[in-house]
Every structure is written in structure tokens, then in C-alpha cells.
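Secondary and tertiary structure notes
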Amino acid sequence: MKKLIVIGIGIAILVAGLIAARALTKPATKVLDTARVAKGDIRGIIVQTGIIKPQVGAVVKIGARATGTITKMNVKIGDRVKSGQLIALIDDREIQRAIEQQRASLTAARNTLAQIELTYPERIREAAANVDYAKRTYERETELLKREFTTQDAVDRARSQYDATDAILKRLRSEYETQLAIAKAHIEDISAQLRQQETKLTYTKIFSPIDGIVADVTAQEGETIVAGLQVANLVTVLDPTLLEMWIYVDETDIGNVRVGQPVEYTVDTFTDKVFHGSIEKIYPQPVVKENIVYYLAIVRVSKEDSAFLRPEMTTHIKIITDRKENILVAPNAAIKFELGKQVAYRVVGPNKVEKVDVKTGIRGEDMTEIVSGLSEGDVLATKLVLPVSSKPESQ
């Protein structure tokens, strides 16, 4: 029994010794991957998300200003329509009867005008002849009175007849002008009413104002629509070629975003296709989403790209804020951050490195600009294992 106890104690001492020896052994530095500092091109980017939206004027809700029953609906959702294409018809019988009535009234008014223009000039000519005869009679009686061949009473009667016929002539002329004006005004009034009814008739024919695709149909044949304070919406037409992209730029990045900067973006349904554009507008009004402040930057989508995109698609965007060519660059993985400083581990031998303080410029997608601290051709460790207890400065 004592022998077994002694053997067990020995084994325990041996295990403890092995553990202590392993704890005291310093692990060696291991360089797993490297890259060289070299000349190259780099661009600064801001990564954001966005959404595809129709442009202003790309979506048109086509309404009806006429009240009546829809007698014909020529489109359904998904149909392509052309500008000026007839979309729907509304019952126009009541308006047609009103137009017929106005046209009849217009014909009667024109006949009345023609009658006035025919009769009044003849009556005026007759009155003018009577005035001329009365005037000559008055003048003749006046001459006879001078020679005492007539009486004063005869002269007075001739004078009175002359004045009466002259008054009749003046009244006819004034009446002719008045009746003429009234008849013409009546014609203008009826013509205006007729034009109004003809305009209302056009409201019963609904045409598409743009080329596009029918996105929504809210009324069907046989339904009655009532045009009141608001225009009754019948059909919504979307022009799929007029799209734009809204970029939600975080408030921390908006200071680096400018109008005219190029943009690259992708959508989930075409992951291998990269679309291109440029920032056209930056809205000053912020958008707050989930307590985060964003500013909208607008990118117009080209007609070629619109063939692949749809409204409300989510986009993954890279805004190119800066470009530099033929400068000293190193992989992003080679630049480390330690104690608030940027450092790199330069390989100086097999599994041997030295830590170097570096100053960097633009940080791109894969590469970082090296301003100072490294030279072209330096080999840097991008992946390495360092001893825990060792001092990096002496590695």
C-alpha cells in the first residue's frame, strides 16, 4: 500500500513539473502572412445604405373630374401605356344632351341676330326717308309763309312732323345698336356655356399623360364615381425609367460628402453588378430614424440602370470621397492600432519582426496610404502571433 502511495506522489510531482516547465517556456513569434509596401492607387470611400425611389413626376395618379358610371376600363395592373392613350370612359349622355341644347340655343340666338341685322336697317332707311320728306315740307311751308301763301299753323304742323320723324329715326338707330349688342352678348354667353359643356365632355375620356406601366387601378367598369372637392383617383401610372436613389448619410460622415462625388452601388438581387452615378443634391433637412440623424443625398439613376432596378430596392453604396495615384500603400491588415497609435510589424527575418510607428493618410477599401515610417519594398506582417510576455519593441 505504501508503495502505491509513493508511486502516486511521484506521478503527481512529474505532472506538476511538466506544467511548470510549459508555463515558463516562451512561445515563439510566428508570422502567418505578409505583404509588401508598394506604390499603388487608392481611393477614400464612405459606405452607406440607400433606397431606390421614383423621381418627381415619375408616378402620376390619374383621376376623373366627371361624375358618372365607368363604361369602359381599358387597362389593368402591369399594362404598358403610352402618353395620350385612352385609359377609361365615363358615361357622357347627360353632357351630350346639354351640348345639344346649347347648340340649339346658339342657333336660335344667331337667327335672332340675323333678323335684327336684316330688319332694323330697313326700318331705319324708311324712317330716314320720312325725316327727309318732313324736312322738305317744313322748309317749303317756311318759304310760303314768307310770301304769305300759308299760315303759321301750317308751318308749326310741318315743324312738329319733322321733329317727330327725326326722333323716330334716332330711336330706331339707338334701338338697333342696343338690340345688336344684346344679341351678340347672348351669342357669346351661349357659346361660352357650350364650350364649358364641351370641356366637361373631355373629362369623360381619361388619357394617360405619360409613358409608363399601370401600377394601380382603383375603379372598375360599372362603378359610379362622384367628382367632388377631391378628384377621384382611377389609375396610377409609373414611368420605370425615371428613378433616383436616396442615400441616408450618417451625420458623422456628411461633412465629407459633396455634390458631384462619384458613387458605386449594388442591390441584393444583382450582387455581381455594380451601378454607377454621382451625387446631384444633398438635402439640408435631416431625417431621424431610430434616434440616428441622417441627411439625404440624391443620385439620379440612368435609364440603362433603370432596366434592372425597381422602386424601394435597398442599395449598398460606396461614396468615393478622394482618389490618389502612384503613392506608397500597404494592406489595411498590416496597420495595427496599439495604445492610440498606428503601428506596423516589419519582418526582419524568419519569424522575426520589429514594431514601427507609421503615419497614414487615406484608408481605402483594402489598402492604406503610408505617409511616413515605411519604405517601398518593406515586408509587413499582416497576420502574426506574438509572445504574450515578450516586448514587441525587441522582437
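Residues numbered from 1 in each chain as written. Predicted model: local features only at pLDDT ≥ 70, side-chain atom pairs only at ≥ 80, totals over all residues. Heavy atoms only, no water.

**With respect to the nonpolar core**
How we decide: As used in this record, nonpolar core signifies buried Ala, Val, Leu, Ile, Met, Phe, Trp, Tyr and Cys residues forming a set joined through side-chain atoms within 4.5 Å. The cut-offs for exposure are 20% and 50% of the maximum accessible area for each residue type, with area from a 1.4 Å probe on protein chains only; residues under the lower value are buried, those over the upper are exposed, and the others partly exposed. Going along the chain from the N terminus, every DSSP run of H or I of four or more residues is numbered as a helix, and every run of E of two or more is numbered as a strand. In this description, contact between two residues means that some pair of their heavy atoms is separated by no more than 4.5 Å.
Among the nonpolar cores identified, the biggest contains 21 residues, and Ile116 and Tyr176 are the most heavily contacted of them. Elements supplying a minimum of two residues to this core: α2 (93-146) and α3 (152-202). Per-element tally for this core: the top contributor is α2, with eleven residues. Setting aside residues up to four positions removed in sequence, Tyr176 forms contacts with Ile116, Glu117, Tyr120, Pro121 and Ile124.

**Quick notes on the layout of surface pockets**
The line we're drawing: Within this scheme a cavity is a closed region of a 1 Å grid, computed over the protein atoms alone, that accommodates a 1.4 Å probe without allowing it to escape, whereas a pocket is open but has protein on both sides within 12 Å along at least five of seven lines; lining residues each have an atom within 4 Å of a point. Grid points are joined across faces, edges and corners, and a volume is the space filled by probe spheres set on the points. In this classification, the charged set is Asp, Glu, Lys and Arg, the nonpolar set is Ala, Val, Leu, Ile, Met, Phe, Trp, Tyr, Cys and Pro, and all remaining amino acids, among them Gly, are polar.
Quantified by volume, the largest pocket comes out at close to 220 Å³. Taken together, Arg65, Ala66, Thr67, Gly68, Asp91, Asp92, Arg93, Glu94, Ile95, Lys200, Tyr203 and Thr204 make up the lining of the largest pocket. The element that contributes the greatest number of residues to the lining of the largest pocket is α2, accounting for three residues. When the residues that make up the lining of the largest pocket are grouped by side-chain class, the tally is three nonpolar, three polar and six charged. Of the voids in this model, the second largest pocket is the one considered here, and its volume is about 150 Å³. What lines the second largest pocket is Gln48, Thr49, Gly50, Ile51, Tyr248, Lys289, Glu290, Tyr294 and Thr314. The element that contributes the greatest number of residues to the lining of the second largest pocket is strand β2 (residues 38-54), accounting for four residues. Residues of the lining of the second largest pocket, tallied by class, amount to three nonpolar, four polar and two charged.

**Thoughts on the confidence of the model for the chain**
Definition in use: Per-residue confidence from the predictor is reported as pLDDT, which spans 0 to 100.
Averaged over all residues, the pLDDT of the chain is 87; the fraction at 70 or higher stands at 90%. Summarising per-element confidence for the chain, the mean pLDDT is lowest in helix α1 (residues 2-24) (51) and highest in strand β12 (residues 262-267) (95). In this model, residues 390-395 is a region of pLDDT below 50 whose contacts with residues beyond four sequence positions or in other chains number eight contacts.

**Some points on the sheet that holds strand β5 (residues 80-81)**
Our working rule: By this definition, two strands are paired if DSSP reports at least two bridges between them.
Taken together, four strands build an open sheet; the order of strands is β3-β10-β8-β5 and the sheet is antiparallel. Where the open sheet ends on each side, the last strands, each with one partner, are β3 (59-64) and β5. Note that strand β8 (residues 212-217) and strand β10 (residues 232-238) share four bridges and pair antiparallel. Bridge pairing in β10 links Val214 to Val237.

**Quick word on the sheet that holds strand β4 (residues 68-73)**
Spatial strand order, β7-β6-β4-β9: four strands in an open sheet with antiparallel pairing. On the outer flanks of this sheet lie β7 (205-207) and β9 (224-225), each paired with one strand and no other. In this sheet, β7 lies alongside strand β6 (residues 86-90) in antiparallel orientation, the contact comprising three bridges. Within β7, the residue paired with Leu89 across the bridge is Lys205.

**Describing the pairing of strand β11 (residues 243-250)**
Of all eight residues that make up β11, seven are buried, and the element is covered over most of its length. As paired elements, β2 and β11 share six bridges and run antiparallel to each other. Along β11, the bridge assignment pairs Ile51 with Trp246. Pairing between β11 and strand β14 (residues 292-300): seven bridges, direction antiparallel. Each bridged residue has a counterpart across the sheet, and for Trp246 the counterpart in β14 is Ile298.

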